[in-house]
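One letter stands for each residue in the lines below.
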Amino acid sequence: MTESEFIAQWNKDYPESLPINYELKLVYPDRWFRIHSLPESKRYAETEDEYKIILDRQNQLINDLIGEESEVAITFGLYNCDSSNDNPKELTEFGEFEKVLSIDLQKERPEEYEFEMYFDIYVKSENWKKGKRDAILKAIADDELRAMFVSWTKKCVIAPYDGGVDVIVDSSEKRDRLKNKYRNWLSDREDGM
């Protein structure tokens, strides 16, 4: 996926937001829900059995949302203090990602960023296969990485974090159906967090 293709598609599907995973739930609260990755809202795995629960839940959720072998864009962001960072690719242990966007955070969020700061978005497109991205999901669960899985065809963003998964779908009706389906994995809190 090229820079212009990603930006055009993002702006079409999510025009009110930047592709920053933790902001989406605030911008699209009527299309958002969250599952917790472990029973009783436990945040971090301590045993291999708990990692298995995390991976099983997240793989099932992603598979249900986008389907086996469907195209998905995996995105992650890196903070950077240098506007001249021209690195068009980022080689990670999870493969090579292309930089598609550099967000000037001081310009976009002046109340939050007093000094020059950039958020570079990197993307890799591939077909989703259950279990194939367990290493990424585990790194996210251990708070070593922040990433999103974006399906343009299924119109959803799946943003795992250390403790669960935030999901943005294309309607509040679909969100409500999914919340009902995954009710045993939801938070007991009224705000859904």
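The preceding data block contains the structure.
For clarity, every value in this text was computed on a predicted model and none was experimentally measured.

A. Geometry of the pairing of strand 8 (residues 164-168). Of all five residues that make up strand 8, five are buried, and the element is covered over most of its length. With burial as the criterion, each face of strand 8 is covered, one bearing G164, D166 and I168 and the other bearing V165 and V167. Of the strand pairs in this sheet, strand 1 (residues 32-36) and strand 8 are connected by five bridges, and their pairing is antiparallel. Looking at strand 8, one finds that R34 is bridged to D166. Taken together, the five bridges between strand 7 (residues 156-161) and strand 8 define a ladder with antiparallel strand orientation. Its bridge partner lying in strand 8, Y161 is registered against G164. Here strand 7 folds back onto strand 8 in antiparallel fashion, the turn holding two residues, of which G163 has a positive phi close to 135°.

B. Broad picture of the packing of aromatic side chains. Taken as a whole and assessed by the stated rule, the structure comprises ten aromatic pairs. Both rings, one in W10 and one in W152, keep their centres 6.4 Å apart while their planes meet at 85°; by these two values the pair is edge-to-face. With W10 in helix 1 (residues 3-13) and W152 in the loop between strand 6 (147-151) and strand 7, this pair connects stretches of sequence that are 142 residues apart. Both residues of the pair, W10 and W152, count as buried. By the ring-pair criterion, three or more aromatic residues cluster together here, those being F6, W10, Y14, Y28 and W152. The ring centre of Y51 lies 4.4 Å from the NZ or CZ of K138, which sits over that ring.

Rules of the game
- Residues numbered from 1 in each chain as written.
- Predicted model: local features only at pLDDT ≥ 70, side-chain atom pairs only at ≥ 80, totals over all residues.
- Heavy atoms only, no water.
- Buried < 20%, exposed > 50% of the residue type's maximum accessible area, 1.4 Å probe, protein only.
- Helix = DSSP H or I, 4+ residues; strand = E, 2+ residues; numbered from the N terminus.
- Pairing = 2+ DSSP bridges.
- Phe/Tyr/Trp six-rings, centres within 6.5 Å; stacked < 30°, edge-to-face > 60°.
- Lys NZ or Arg CZ within 6 Å of the ring centre and 35° of its normal.

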